[in-house]
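# Architecture and fold: a report
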Amino acid sequence: MGAPVNVAELWRGPILESLHQGHAVIADSSGDLVAVWGNAGMVMLPRSACKMLQALPLVESGAAARFGLGDRQLALACASHQGAPVHAGAVRAWLGHIGRRVDDLICGPQAPRDTHDLAALARSGVQAGRHHNNCSGKHAGFLTLERHLGGGAGYGATDHPVQRAVRAAFEDMTGTESPGHAIDGCSAPNFATTLAGLARAMAQMAAPERLSKEQGATRGAAAAKLVGAMMAHPELVAGEGRACTGLTRALAGAGVVKTGAEGVFTAILPKRGLGVALKVTDGATRAAECAMAAILVRLGAAAETHPEVACRLRAEQRNWDGLPVGRLVPAEAFWQGGAAI
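Quick look at the structure, then. For clarity, every value in this text was computed on a predicted model and none was experimentally measured.

### A few points about the overall build of the chain
Each helix and strand in the chain was counted, giving 16 helices and 12 strands. At 19 Å, the chain has a C-alpha radius of gyration in line with the 20 Å of a compact globule built from 341 residues. When the backbone C-alpha atoms are referred to their principal axes, the chain occupies close to 60 × 55 × 35 Å. For the chain, buried positions account for 53% of its 341 residues. In the chain, the proportion of contacts linking residues at least 24 apart, taken out of those at least 6 apart, comes to 62%. Carbon together with sulfur atoms contributes 52% to the accessible area of the chain, which is approximately 13,500 Å² in total. Considering the chain, the positive charge centre built from 32 side chains and the negative charge centre built from 28 side chains are found 3 Å apart.

Below is the structure:
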């Protein structure tokens with residue numbers, strides 16, 4: 001199949017210092033591939049870029065409605081947040097609401113990403129807990145689903161009702177039987193798929209009316225609720241200064257983007273009925289952010305001059321003395337001068 005293509009270049013002065021390669025797919029809601037760079041059929045782990053798919057059973061099962069979850073909780077269910085007080089506090093309150101404790105989360109403790117939040121936590125004499133973990137919202141969703149479906153402790157096991165429901169939804173949306181799984185950083189299973197399958201799933205999330213016709217009104221309504229919650233609360237999906245939050249704001253209601261570890265990114269564009277999935281082969285987040293910004297601009301979904309786009313499309317590199325010494329930019333073969341897709 002297709003070899004990876006050059007997606008991002010790091011220049012230091014006039015010298016090309018580093019080169020990032022990857023694969024990317026844009027799909028429409030009918031399942032057709034609109035654009036492909038590299039190998040659409042590569043098998044990959046979506047990591048956190050598929051959290052909105054993992055959250056589908058939370059909504060379509062009736063669990064979210066039963067426990068009165070609103071947009072803020074649904075956004076957190078899809079989040080890779082940075083453990084700020086607004087994130088960790090909301091997760092703790094959510095757990096209390098469903099009668100569960102922080103220790104019931106199987107994701108490990110993780111320090112807040114922001115140094116100011118970390119310092120404030122240290123001054124308070126409180127250690128970072130499982131609710132500070134960037135995946136704690138997803139796990140609060142899993143625990144809510146467990147309260148609804150049953151199955152008891154051990155909700156991370158692949159044979160638990162929670163993960164059986166997640167896998168079924170994931171395979172329905174990707175249109176591909178998962179060839180296997182690995183354990184994510186948060187101890188939950190992460191089901192593999194093809195890059196094209198992941199893009200098709202995002203395109204289905206972008207077209208809930210079509211999804212309702214093909215997979216039922218409940219599935220379509222669940223997709224619409226999750227995407228709407230992410231658009232309404234981008235600050236909960238990641239946090240200030242983060243690409244998911246910034247690029248979603250730049251889309252201005254036209255869609256959402258979601259990062260995953262090891263250079264994975266997805267986008268859901270409801271106004272176009274499109275889904276995007278990309279994977280940078282060396283796992284570099286900086287390259288994935290640059291490549292996603294380039295795709296959004298070429299699709300006409302985001303303005304090249306928007307500050308949240310511009311700082312990732314052409315990321316200035318500064319040394320310790322604050323001097324500009326280089327730039328990270330999309331590779332020209334991938335960018336093609338910003339030509340419309």
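### What to know about the pairing of strand β11 (residues 315–318)
As defined by bridge partners, β11 adjoins strand β12 (residues 324–330) across 4 bridges and the pair is classed as antiparallel. Bridged to Arg318 within β12 is Pro324.

### Remarks on the pairing of strand β9 (residues 264–269)
Within β9, 6 of the 6 residues are buried, which leaves it mostly tucked inside the rest of the structure. Burial along β9 is two-sided: Val264, Thr266 and Ile268 and Phe265, Ala267 and Leu269, pointing in opposite directions, are all buried. In this sheet, β9 lies alongside strand β8 (residues 256–260) in antiparallel orientation, the contact comprising 5 bridges. Residue pairing across strands places Lys258 opposite Thr266, the latter belonging to β9. Between β8 and the antiparallel strand that follows it, β9, lie 3 residues; Glu262 among them carries a positive phi value of about 60 degrees.

### Here's the deal with empty space enclosed by the protein
Taken as a whole and judged by the stated rule, the model has 1 cavity of 30 Å³ or more. In this structure, the largest cavity occupies an estimated 50 Å³ of space. Taken together, Gln54, Ala55, Leu58, Ala77, Lys138, Gly141, Phe142 and Leu145 make up the full set of residues lining the largest cavity. The dominant element in the lining of the largest cavity, judged by the number of residues it contributes, is helix α7 (residues 136–149), at 4 residues. Of the residues that constitute the lining of the largest cavity, the class distribution is 5 nonpolar, 2 polar and 1 charged.

### Remarks on the environment of Val91
Tracing the sequence through the fold places Val91 in helix α5 (residues 85–97). Since its relative accessible area comes to 0%, Val91 is described here as buried.

### Thoughts on the packing of α5 against α7
The axes of two packed helices give the description: the angle between them and the distance between them. One can describe the packing of α5 onto α7 by two numbers: an axis separation of 10 Å at closest approach and a directional angle of 10 degrees. As the angle between them shows, α5 and α7 are arranged roughly parallel. For the pair α5 and α7, the contacting residues are Val91, Trp94 and Leu95 in the first and Ser136, Gly137, Ala140, Gly141, Leu143 and Thr144 in the second.

### Considerations on α5
Taking 1.5 Å of rise per residue, the 13 residues of α5 would be expected to cover 18 Å, and the 18 Å separating its terminal C-alpha atoms lies within 8% of that figure. Within α5, burial applies to His87, Ala88, Val91, Trp94 and Leu95. Summarising the axial view, the buried residues of α5 lie within an arc of 125 degrees, below the 170-degree limit, and thus occupy one face. Pointing more than 90 degrees away from the buried face of α5 are the exposed residues Pro85, Ala93, Gly96 and His97. The elements touched by buried residues of α5 are α4 (71–77), α7 and α12 (234–237). Gly99 sits one or two positions beyond α5 and adopts a positive phi of about 75 degrees.

### Some remarks on the packing of aromatic side chains
In total, this model carries 3 aromatic pairs according to the counting rule given. With centroids separated by 6.3 Å and ring planes inclined at 45 degrees, the aromatic side chains of Phe170 and Phe191 adopt a geometry described as tilted. Highlighted residues: Phe170 in helix α8 (residues 161–174) and Phe191 in strand β6 (residues 189–191), separated in sequence by 21 residues. Using a relative accessible area of 2% as the deciding quantity, one classes Phe170 as buried. Under the relative-accessibility criterion, Phe191 is labelled buried at 3%.

### Notes on the nonpolar core
Core analysis: the largest hydrophobic core is formed by 107 residues, its most contacted members being Leu53, Leu56, Met205, Leu278, Met292, Ile295 and Leu296. With 10 residues, helix α14 (residues 285–298) is the largest single contributor of residues to this core. Excluding residues that lie within four positions of it along the chain, Leu53 makes contacts with Ala169, Phe170, Met173, Leu198, Ala201, Met202 and Met205.

### Overview of the side chain of Thr193
Among the structural elements, Thr193 can be located in strand β7 (residues 193–194). In contact with Thr193, not counting residues within four places along its chain, are Met42, Val43, Met44, Pro46, Phe170, Thr174, Thr176, Pro179 and Leu198.

### Some words on the layout of surface pockets
Approximately 480 Å³ is the volume attributed to the largest pocket. Together, 28 residues line the largest pocket, and Ser80, Arg113, Asn134, Arg242 and Thr259 are the ones closest to its centre. At the level of elements, α13 (243–251), β8 and α14 are the ones that each hand at least two residues to the lining of the largest pocket. When grouped by side-chain class, the residues that make up the lining of the largest pocket number 7 nonpolar, 14 polar and 7 charged.

Definitions and limits used
Residues numbered from 1 in each chain as written. Predicted model: local features only at pLDDT ≥ 70, side-chain atom pairs only at ≥ 80, totals over all residues. Heavy atoms only, no water. Helix = DSSP H or I, 4+ residues; strand = E, 2+ residues; numbered from the N terminus. Rg over C-alpha atoms; globule rule 2.2 N^0.38 Å. Buried < 20%, exposed > 50% of the residue type's maximum accessible area, 1.4 Å probe, protein only. Contact = heavy atoms within 4.5 Å. Areas by Shrake-Rupley, 256 points an atom, 1.4 Å probe, with all protein chains shown as cover. Lys, Arg positive; Asp, Glu negative; His and termini not counted. Charge placed at Lys NZ, Arg CZ, Asp CG, Glu CD. Pairing = 2+ DSSP bridges. 1 Å grid on protein atoms, 1.4 Å probe; cavity = no way out; pocket = protein on both sides within 12 Å on 5 of 7 lines; lining within 4 Å. Points joined across faces, edges and corners; volume = space filled by probe spheres on them. Nonpolar A, V, L, I, M, F, W, Y, C, P; charged D, E, K, R; others polar. Axes fitted to C-alpha atoms, helices over the stretch in contact; angles between N-to-C directions. Parallel < 35°, antiparallel > 145°, perpendicular 65-115°, else oblique. Expected span 1.5 Å × (residues − 1). Arc of directions from axis to C-beta. Phe/Tyr/Trp six-rings, centres within 6.5 Å; stacked < 30°, edge-to-face > 60°. Core = buried A, V, L, I, M, F, W, Y, C linked by side-chain atoms within 4.5 Å.

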